[in-house]
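# What the coordinates show
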Amino acid sequence: MNDGRDVVIRCRGVVKAFENGRLRALDGVDLDIGAGEFVAIMGPSGCGKSTLLNLISALDQPDDGEIEVAGHDLRSHRHLNHFRARDIGLVFQLDNLLPGLTVRENVEVPMYGQGLSARQRHARAMQLLSFVGIEDRAAARPPELSGGERQRVAIARALANGPGVILADEPTGRLDSATSGKVLDLLESLRRNQGATVVVVTHDPAVAARADRVIRMLDGRVVEDGSNPRPAVPAAPDARP
Ligand SMILES: Nc1ncnc2c1ncn2[C@@H]1O[C@H](COP(=O)(O)OP(=O)(O)O)[C@@H](O)[C@H]1O
Ligand SMILES: [Mg+2]
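Given the structure is predicted, the values throughout are model-derived calculations rather than measurements.

As a further point, take the overall build of the protein. Helix and strand counts for the protein stand at seven helices and 10 strands. For the protein, the C-alpha radius of gyration of 17 Å lies close to 18 Å, the compact-globule estimate for 241 residues. When the backbone C-alpha atoms are referred to their principal axes, the protein occupies close to 45 × 40 × 35 Å. Evaluated residue by residue, the protein yields a buried proportion of 39% over its 241 residues.

Pasting the structure below:
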């Protein structure tokens, strides 16, 4: 990341230990991710990928080091819930949708407390569901959907408040290749059409091949950080919600 773009995610000397310090899940991570980058993080199971995403999204705190996201120093930030809701969109391998709510209601959950009326929440949720291509499933409940459909709802929910940063932890891990291709198209279009910064943790070389930068981790450290030699994907027509 040396092309002069604004740095959106900055990690300096980030350490995170578990089991009373015996297990160093992150052992001094330094990382700069620029605005609008599409970054894949790879590495063997247990190397610290999810721990890193959890710290960047302020779901957990480092034992040492600094993390700055979208201009917020997470150490001194007092409104972490607000930060998470507004600035970060999170997508997990397991979609974490609430099974008792409809698809539309699930997408509305992060919008509460953001000053929108019920009518505005409803309209925005429908817009996002149409963006991810499943507005016809708005009234269904998550257990009635396929894995790919659920993951698209999870992406719509992650976009609820128009975050500048999307963090996805193995979002295609449980999907077949055709479905994961669609999920990737969607993540790519966010970067392309909305300038979002997208960070995807993945085991899947097909995902990494579409990123413009691949970061490899091992034993809690970044061991390789290179831009992807593949040419950039040409711009597509507007797909904004
Ligand atoms: N909450 C936790 N308590 C104890 N150990 C944890 C916890 N979270 C992660 N770890 C450990 O930290 C290491 C890194 O885990 P993780 O970040 O989940 O790896 P990855 O996502 O790369 O598979 C692993 O050894 C894991 O067992
Ligand atoms: Mg993980």
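Picking up where we left off.
In the vicinity of ligand 1, the contacting residues are Phe-18, Glu-19, Leu-23, Ala-25, Gly-43, Ser-45, Gly-46, Cys-47, Gly-48, Lys-49, Ser-50 and Thr-51. At the level of elements, β2 (23-34) and α1 (49-56) are the ones that each hand at least two residues to the shell around ligand 1. Among the elements that line the shell around ligand 1, the one with the most residues is α1, at three residues. Looking at the shell around ligand 1 residue by residue, the classes come out as four nonpolar, six polar and two charged.

What follows covers the sheet that holds strand β6 (residues 88-91). The six strands are arranged β6-β7-β8-β3-β9-β10 in an open sheet whose pairing can be described as mixed. The sheet terminates laterally at β6 and β10 (221-227), the two strands that pair on one side only. With strand direction ignored, the average angle separating the axes of adjacent strands in the sheet is 15°. Here β6 pairs with strand β7 (residues 165-169) via four bridges, running parallel. Bridging from a neighbouring strand, Leu-90 pairs with Leu-167 of β7. Helix-sheet contacts for helix α5 (residues 147-158) involve β6 and β7, and the interaxial angle to β6 is about 165°. This element, helix α6 (residues 177-194), spans β3 (38-42), β7 and β8 (197-201) of the sheet and lies at about 155° to β8.

Attention now goes to the nonpolar core. Counting residues in hydrophobic clusters, the biggest one holds 63 residues, and the most contacted among them are Ala-40, Leu-128, Ala-156, Ile-166, Leu-167, Leu-187 and Val-200. Not counting the four nearest positions on each side in its chain, Ala-40 is found in contact with Val-200, Thr-202, Val-207, Ala-208, Ala-211 and Val-214.

Here the focus is the pairing of β7. Summarising burial for β7: five of the five residues are buried, a large majority. Alternating residues of β7 divide into Val-165, Leu-167 and Asp-169 and Ile-166 and Ala-168, and every residue in both groups is buried. In this sheet, β8 lies alongside β7 in parallel orientation, the contact comprising five bridges. Each bridged residue has a counterpart across the sheet, and for Asp-169 the counterpart in β8 is Val-201.

The next point concerns the pairing of strand β4 (residues 64-69). Sheet topology places strand β1 (residues 7-18) next to β4; five bridges connect them, and they run antiparallel. Across the sheet, residue Val-15 finds its bridge partner in β4, namely Asp-64. What sits between the antiparallel neighbours β4 and strand β5 (residues 72-73) is a turn of two residues, in which Ala-70 has the positive phi angle 50°.

If you check the backbone angles, Ala-58 has positive phi at about 60° while not being a glycine. When you line up the elements, Ala-58 lands in the loop between α1 and β4. Although it is not a glycine, Asp-219 sits at a positive phi angle of roughly 45°.

Here the focus is the environment of Val-132. Mapped onto the elements, Val-132 comes out in the loop between α4 (118-131) and α5. Classification of Val-132 as buried rests on a count of 24 C-beta atoms within 10 Å. Sequence-wise, Val-132 and Leu-186 are 54 residues apart; in three dimensions their C-alpha atoms are separated by 7.1 Å. Setting aside residues up to four positions removed in sequence, Val-132 forms contacts with Arg-152, Ile-155, Ala-156 and Leu-186.

Moving on, we come to the sheet that holds β5. With respect to topology, four strands assemble into an open sheet ordered β2-β1-β4-β5, the strand pairing being antiparallel. Since the sheet does not close on itself, it has two edges, and those belong to β2 and β5, each with one partner. Both β1 and β2 contribute to a ladder of nine bridges, which runs antiparallel. Residue pairing for β2: Val-14 is matched across the bridge by Val-29.

How each quantity is defined
Residues numbered from 1 in each chain as written. Chains lettered and ligands numbered in written order. Predicted model: local features only at pLDDT ≥ 70, side-chain atom pairs only at ≥ 80, totals over all residues. Helix = DSSP H or I, 4+ residues; strand = E, 2+ residues; numbered from the N terminus. Rg over C-alpha atoms; globule rule 2.2 N^0.38 Å. Buried ≥ 20, exposed ≤ 12 C-beta atoms within 10 Å, placed from the backbone. Near = placed C-beta within 6 Å. Nonpolar A, V, L, I, M, F, W, Y, C, P; charged D, E, K, R; others polar. Pairing = 2+ DSSP bridges. Axes fitted to C-alpha atoms, helices over the stretch in contact; angles between N-to-C directions. Contact = placed C-beta atoms within 7 Å. Core = buried A, V, L, I, M, F, W, Y, C linked by C-beta atoms within 7 Å.

The analysis is restricted to geometry; functional conclusions fall outside its scope.
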